[in-house]
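Architecture at a glance
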Amino acid sequence: MRIMVQKFGGTSLSTVQAREHVLRHIKRELEAGLSLVVVVSAMGRRGEPYATDTLLDWTAQNGNAISARERDLLLCCGEIISATTLSSLLEHEGISTTVLTGAQAGFVTDDNFGNARILDVRPVRVLEQLEQGRVVIVTGFQGQTENGDFTTLGRGGSDTSATALGAALRAEMVDIYTDVNGILTADPRIVEDARPLTVVSYAEICNMAHHGAKVIHPRAVEIAMQAQIPVRVRSTFADSEGTLVTHPEGFQDVQTGIIDRYVTGIAYVSNVTQIAVEVPGGADRLQLKVFKTMAENSISVDFINVTPSGVVYTVFDSDSEKAIQVLQEIGLKPQSLSGCAKVSVIGGGINGVPGIMARIVESLTLADIQILQSADSNTTIWVLVKKEDMVQALRALHASFELHL
């Protein structure tokens, strides 16, 4: 069989008109001779009846004392409603379907309710139904422990379900359908001349997703990268190919010639606080004390710079008060700056190329933007700026690297 996995997000299923587009995409691939597995999210967004956030709000209005295990049981309902609705529509069109929950599709997870990790995917029933010529509709975002408890995979979990199934089934392609036409060089709500990308590498999109781009979840990309399964990010409401995510060798399949680019895109994360802890002359095991304290209080840290005499890092604004308090409780005197934003310059061609940082500094200096902190990796350079400078920084960097061309 030639297997394709299609994933449709909540906005792709929330209205009658949107569902008509979903049916069109499914029919097109069936006519091309592909066997289809369709992964679905819960319909709509907060406020709409079956959305995940609506279900969470429902628990908040009714005591909010539900345990993590029972909350996952509730949250699985949204995807089940989506899957059975789509099944009904396809059957009405004469297309045979089978709906499987994440558990029935073979997703085995740990018992970290609310953010479970996939331990294994055993798609025996999926393959059985595909061999019978049926479209298999799988509820995304969910799995089951070895003991039979329902679990959810955390935010973006349906993307992860789709690529994990694609890997287990050795699918030809995983198509992630959303409400935007592929992956853009920057957030178009901020950078008006952001343009769609035809092809990006796994590493590039993984970094873009980790650092603020919300088109696809980084866990989903990591699974696809490990299995070498190509992924396309496409619009539900258009017929364009969207953006292909693959290994660099696969770029040749999309267009002739080598793509000569240093920077692929610009991403951002706003509402972060910079925390600095320094002890003149250094302090024994200071770094260990700081980061162990953050971990013990479940505070996520990012953008870390370590020196012999201190550390500088960021936390989300929402965690900053707690972070400062617990550091003070262990005898440290942290300095903090709230209302910051992390801006990321991402590209597979950055590594080993002189002048990239110089261009970043030059473009931000000319825009009179102060760099509060910086760091880099093989594919990403990060700068921390004040939140009020974030929009101008994104636009300046996008223009400096000519990403609009």
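This one's a predicted model, so the numbers in the text were calculated from it and none came from an experiment.

The rules behind these values
- Starting from 1, residues in each chain are numbered consecutively following that chain's sequence as written.
- Given that this is a predicted model, residues contribute local features only at a pLDDT of at least 70 and side-chain atom pairs are listed and counted only at 80 or more, while totals for whole chains, interfaces and linings are drawn from all residues.
- Working from all heavy atoms in the structure, the side-chain values ignore hydrogens and water.
- Only one rule defines a salt bridge in this text: a Lys or Arg side-chain nitrogen within 4 Å of an Asp or Glu carboxyl oxygen.
- Secondary structure is summarised from DSSP: a helix means a run of H or I of at least four residues, a strand means a run of E of at least two, and numbering begins at the N terminus for each.
- Think of it in three bands: residues with accessible area under 20% of the maximum for their type are buried, residues over 50% are exposed, and the middle band is partly exposed, with areas taken using a 1.4 Å probe on protein chains only.
- Residues belong to a common nonpolar core when they are buried Ala, Val, Leu, Ile, Met, Phe, Trp, Tyr or Cys residues joined through side-chain atoms within 4.5 Å.
- In what follows, a contact means two residues having at least one pair of non-hydrogen atoms within 4.5 Å.
- UniProt positions are given in the numbering used here, feature names are shortened, and annotations may be inferred rather than shown by experiment.
- Between any two strands, pairing holds if DSSP finds at least two bridges.
- Angles run from 0 to 180 degrees between N-to-C directions of axes, and those axes are lines fitted to C-alpha atoms, restricted for helices to the stretch in contact.
- Only Phe, Tyr and Trp rings take part, Trp by its six-membered ring, and two of them pair if their centres are within 6.5 Å. Stacked means planes under 30 degrees apart, edge-to-face means over 60, and tilted covers everything else.
- Helix span is expected to be 1.5 Å times the residue number reduced by one.
- Arc, as used here, means the arc of the directions from the helix axis to the C-beta atoms.

**Some points on the pattern of salt bridges**
For the structure on display, the rule yields 20 salt bridges. Residue Asp239 is joined to Arg24 by a salt bridge in which the shortest nitrogen-to-oxygen separation is 2.3 Å. Here Asp239, found in the loop between β11 (231-235) and β12 (243-246), pairs with Arg24, found in helix α2 (residues 16-31); they are 215 residues apart in sequence, far enough to count as distant. Put simply, Arg46 and Asp57 hold a salt bridge, and the shortest N to O gap is 2.9 Å. In this pair, Arg46 is assigned in the loop between β2 (35-40) and α3 (52-60) and Asp57 in helix α3, connecting sequence segments 11 residues apart. For Arg46, a relative accessible area of 51% corresponds to the exposed category. Three or more residues are tied together by salt bridges with common partners; here these are Arg24, Arg28, Glu29, Asp175, Arg232, Arg234, Asp239 and Glu241.

**Focus: the nonpolar core**
In this structure, Val37, Val126, Leu165, Ile183, Ile205 and Ile216 are the most contacted members of the largest nonpolar core, which totals 38 residues. Broken down by element, this core gets its largest block of residues, 5 residues, from helix α6 (residues 157-169). Every residue in contact with Ile183, bar those within four places of it in the chain, is listed here: Arg195, Pro196, Leu197, Val200, Ile205, Met208, Val215, Val233, Thr243 and Val245. Val263, Ile350, Ile356 and Leu364 belong to the second largest nonpolar core, which has 26 residues in total.

**Overview of the UniProt feature "domain: CASTOR ACT" (unreviewed entry) in the protein**
Mapped onto this numbering, the UniProt entry annotates "domain: CASTOR ACT" (unreviewed entry) at residues 338-398. Across residues 338-398, the secondary structure splits into 33% helix and 33% strand, with the terminal C-alpha atoms separated by 25 Å.

**Notes on the sheet that holds strand β14 (residues 302-307)**
A sheet is described by the order of its strands in space; here 6 strands give the open sequence β14-β15-β13-β16-β18-β17, paired in antiparallel fashion. For this open sheet the edge positions go to β14 and β17 (373-376), each flanked by a neighbour on one side alone. Each strand axis lies, on average, 30° off the axis of its neighbour in the sheet, ignoring direction. Across 4 bridges, the pairing between β17 and strand β18 (residues 380-386) is antiparallel.

**Points about the packing of aromatic side chains**
Inspection of the entire model under this criterion finds 2 aromatic pairs. Where Phe8 meets Tyr177, the ring centres are 4.7 Å apart and the plane angle is 15°; that geometry is what we call stacked. One end of the pair, Phe8, is in strand β1 (residues 3-8); the other, Tyr177, is in strand β9 (residues 173-178), with 169 residues separating them in the sequence. Judged on exposure class, the residue Phe8 and its partner Tyr177 are both buried.

**Digging into the UniProt feature "domain: Aspartate/glutamate/uridylate kinase" (unreviewed entry) in the protein**
Residues annotated in UniProt with the feature "domain: Aspartate/glutamate/uridylate kinase" (unreviewed entry) correspond here to residues 3-235. Helix makes up 40% of residues 3-235 and strand 21%, whereas the separation of the span's terminal C-alpha atoms amounts to 20 Å.

**A word on unusual backbone geometry**
Excluding glycine, residues mostly carry a negative phi; peptide bonds, for their part, are mostly trans. Positive phi is not limited to glycine here, since Asn271 has a value of about 60°. Topologically, Asn271 is positioned in strand β13 (residues 265-278). Positive phi values are uncommon outside glycine, yet Ser298 reaches one of about 55°. Among the secondary structure elements, Ser298 is positioned in the loop between α9 (286-296) and β14.

**Points about α2**
Between its first and last C-alpha, α2 extends 23 Å over 16 residues, near the 22 Å set by a 1.5 Å rise per residue. All of the buried residues along α2 are Ala18, Arg19, Val22, Leu23, His25, Ile26 and Glu29. End-on, the buried residues of α2 take up no more than an arc of 160°, which puts them together on one face. Seen from the open side of α2, the exposed residues pointing more than 90 degrees away from its buried face are Gln17 and Glu31. Taken together, the buried residues of α2 touch β1, α1 (10-13), β2, α4 (68-92), β9 and β11. Directly beyond the C-terminal end of α2, a positive phi value near 90° is found at Gly33.

**Focus: the environment of Lys292**
Position of Lys292 among the secondary structure elements: in helix α9. For Lys292, a relative accessible area of 46% translates into the label partly exposed. Sequence separation between Lys292 and Lys7 is 285 residues, and the spatial gap between their C-alpha atoms is 39 Å.

**Describing the pairing of strand β16 (residues 335-346)**
Here β13 pairs with β16 via 10 bridges, running antiparallel. The residue bridging Ala267 from the neighbouring strand is Ser344, located in β16. The pairing of β16 with β18 spans 7 bridges and is antiparallel. Bridge pairing links Val345 to Ile381 in β18.

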